[in-house]
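Overview (structure and organization)
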Amino acid sequence: TVTQQAASTLDKASSLTVTADAGTVKLDASALAKMSTAEDDVVISIEKGTNADDGKYTFTATSAGDNLFPEGQDNISITLTVPAPSGMTDNKVFVYYLGPKGAERINAEVKEVEGSQTVTWTVGHFSTYFVTTTEQSVSVTVDGTTTTYTDFSDALAQIEAGDTATVILLDDVT
């Protein structure tokens, strides 16, 4: 949590890095300028998924319940870093933005930070991202929740009768 008083001074800073157990967020000067206008304390959160969602990370920055960095804030730069899954290498880094209308692949790379492998990517908004060692072929969105799959048949099997679903091919499917 950044108090409103502290946030109001951030418009003069060039960047701010927030570190938590689940990962790291680095905000650029443009993001900090926006954050400095918050009328309440700013809460920055990184939540890691559990069980089947193990590779999902949800990043948020809110003030008085409002999302400070929603989709469409492309004039800012937010660098996100999370621990790399065991065995992940540069050629097997796949990060997907899980938006309300489908998934989008994000360029990412593996870096070594203080002896540990991490996955780092830069975006213009906070949201939910999926980090995996396997390239995903299909995304399915039902009721605003997006999930990715490696197999088209598996994706279709998850859609239940009566669901209004959006299916997006992320790769050529045969």
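Structural data are supplied above this passage.
A brief report on the enclosed structure follows.

Definitions and limits used
- Residues numbered from 1 in each chain as written.
- Predicted model: local features only at pLDDT ≥ 70, side-chain atom pairs only at ≥ 80, totals over all residues.
- Heavy atoms only, no water.
- Helix = DSSP H or I, 4+ residues; strand = E, 2+ residues; numbered from the N terminus.
- Contact = heavy atoms within 4.5 Å.
- Phe/Tyr/Trp six-rings, centres within 6.5 Å; stacked < 30°, edge-to-face > 60°.
- Buried < 20%, exposed > 50% of the residue type's maximum accessible area, 1.4 Å probe, protein only.
- Pairing = 2+ DSSP bridges.
- Axes fitted to C-alpha atoms, helices over the stretch in contact; angles between N-to-C directions.

Here we come to the environment of Thr-166. Mapped onto the elements, Thr-166 comes out in strand β14 (residues 165-169). Taking the C-alpha atoms as reference, Thr-166 lies 9.4 Å from Gly-144; in sequence the two are 22 residues apart. In this view, Thr-166 contacts Lys-101, Ser-139, Val-140 and Thr-141; residues no more than four positions away in its chain are not counted.

A few words on the packing of aromatic side chains. One pass over the full model with this rule turns up seven aromatic pairs. Measuring from ring centre to ring centre gives 5.8 Å for Tyr-97 and Tyr-129, while their planes differ by 45 degrees; the resulting arrangement is tilted. In this pair, Tyr-97 sits in strand β7 (residues 94-99) while Tyr-129 sits in strand β11 (residues 128-132), placing the two residues 32 residues apart along the sequence. Residue Tyr-97 is classed as buried on the basis of its relative accessible area, which comes to 5%. Residue Tyr-129 is classed as buried on the basis of its relative accessible area, which comes to 0%.

On to the sheet that holds strand β12 (residues 138-142), then. The three strands are arranged β13-β12-β14 in an open sheet whose pairing can be described as antiparallel. Both edges of this open sheet fall to β13 (145-149) and β14, since each of them pairs with a single strand only. For this sheet, the mean inter-axis angle between neighbouring strands, taken without regard to orientation, is 20 degrees.

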